[in-house]
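Here is how the chains run, residue by residue.
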Amino acid sequence: IFTLHAAIKKKELHILGFEAYWELGLKERVIYRDEFSESDNFGTRLDFNSETQFMSSAHLELGLQLSEKHLLEFALRPILYASQRSLDGSEGPNTFTVVDIPDFDVHTARASLVSKISDSSTFRADLIVGERSTWGASLGFSIDL
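Notes on the structure in this doc start here.

Calculation rules
- Residues numbered from 1 in each chain as written.
- Predicted model: local features only at pLDDT ≥ 70, side-chain atom pairs only at ≥ 80, totals over all residues.
- Heavy atoms only, no water.
- Helix = DSSP H or I, 4+ residues; strand = E, 2+ residues; numbered from the N terminus.
- Buried < 20%, exposed > 50% of the residue type's maximum accessible area, 1.4 Å probe, protein only.
- Contact = heavy atoms within 4.5 Å.
- Areas by Shrake-Rupley, 256 points an atom, 1.4 Å probe, with all protein chains shown as cover.
- Salt bridge = Lys/Arg side-chain N within 4 Å of Asp/Glu carboxyl O.
- Phe/Tyr/Trp six-rings, centres within 6.5 Å; stacked < 30°, edge-to-face > 60°.
- Lys NZ or Arg CZ within 6 Å of the ring centre and 35° of its normal.
- Polar contact = N/O pair within 3.5 Å; in protein donor to acceptor, adjacent residues only side chain to side chain.

### What about the overall build of the protein?
The helix and strand tally for the protein stands at zero helices and nine strands. For the protein, buried positions account for 25% of its 145 residues. Counting only contacts in the protein whose residues sit at least 6 apart along the sequence, the fraction spanning at least 24 positions is 44%. If you sum the accessible surface of the protein, you get close to 10300 Å²; carbon and sulfur atoms cover 59% of it.

What follows is the structure in structure tokens.
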């Protein structure tokens, strides 16, 4: 897995009387998987299967500092481009097939409430919704050492 991520973050904003920030980021991700097997002493079978996935995504985040210990975040994460290429030779010798599935996309939106319990601990609640019946909710607790 190879991921390249770049972001611009701007603080010192004021929205509806709250301190706020915005962040814009781009991410490029490449995943490569490979499976290979050889034939036996008599056989001519050679199994080969590889898959490469490319995905370019962006995120736009807006954070509102509700109080000294509470932050409300809203984020959008559109996938700009994605494709998957598969090479499959598991049906026997010289039967390799290439499958290219271009331009699938899933767009998600996230709302998060982040509460700072102490200088080293944080509680986080996330709600994530998206296309194609994608949704999720999570609770998290972190301790910074």
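### What to know about the pattern of salt bridges
Summed over all chains, the structure comprises four salt bridges. Between aspartate 126 and arginine 124 there is a salt bridge, with its nearest N and O atoms 3.1 Å apart. Owing to a relative accessible area of 15%, aspartate 126 belongs among the buried residues under this scheme. Here arginine 124 falls in the partly exposed class, since its relative accessible area comes to 27%. Members of the salt-bridge network, linked through shared partners, are Glu61, Glu73, Arg110, Arg124 and Asp126.

### Some details on the packing of aromatic side chains
One pass over the full model with this rule turns up zero aromatic pairs. Positioned above the aromatic ring of tyrosine 21 is the side chain of lysine 9, whose terminal nitrogen or guanidinium carbon lies 4.4 Å from the ring centre.

### Some remarks on the side chain of glutamate 61
Looking at the secondary structure, you find glutamate 61 in strand 3 (residues 47-65). Assessed through its relative accessible area of 11%, glutamate 61 is described here as buried. Polar contacts involving the side chain of glutamate 61 include one to the side chain of arginine 110, which spans 2.9 Å.

Functional significance is not addressed by these values, which are geometric in nature.
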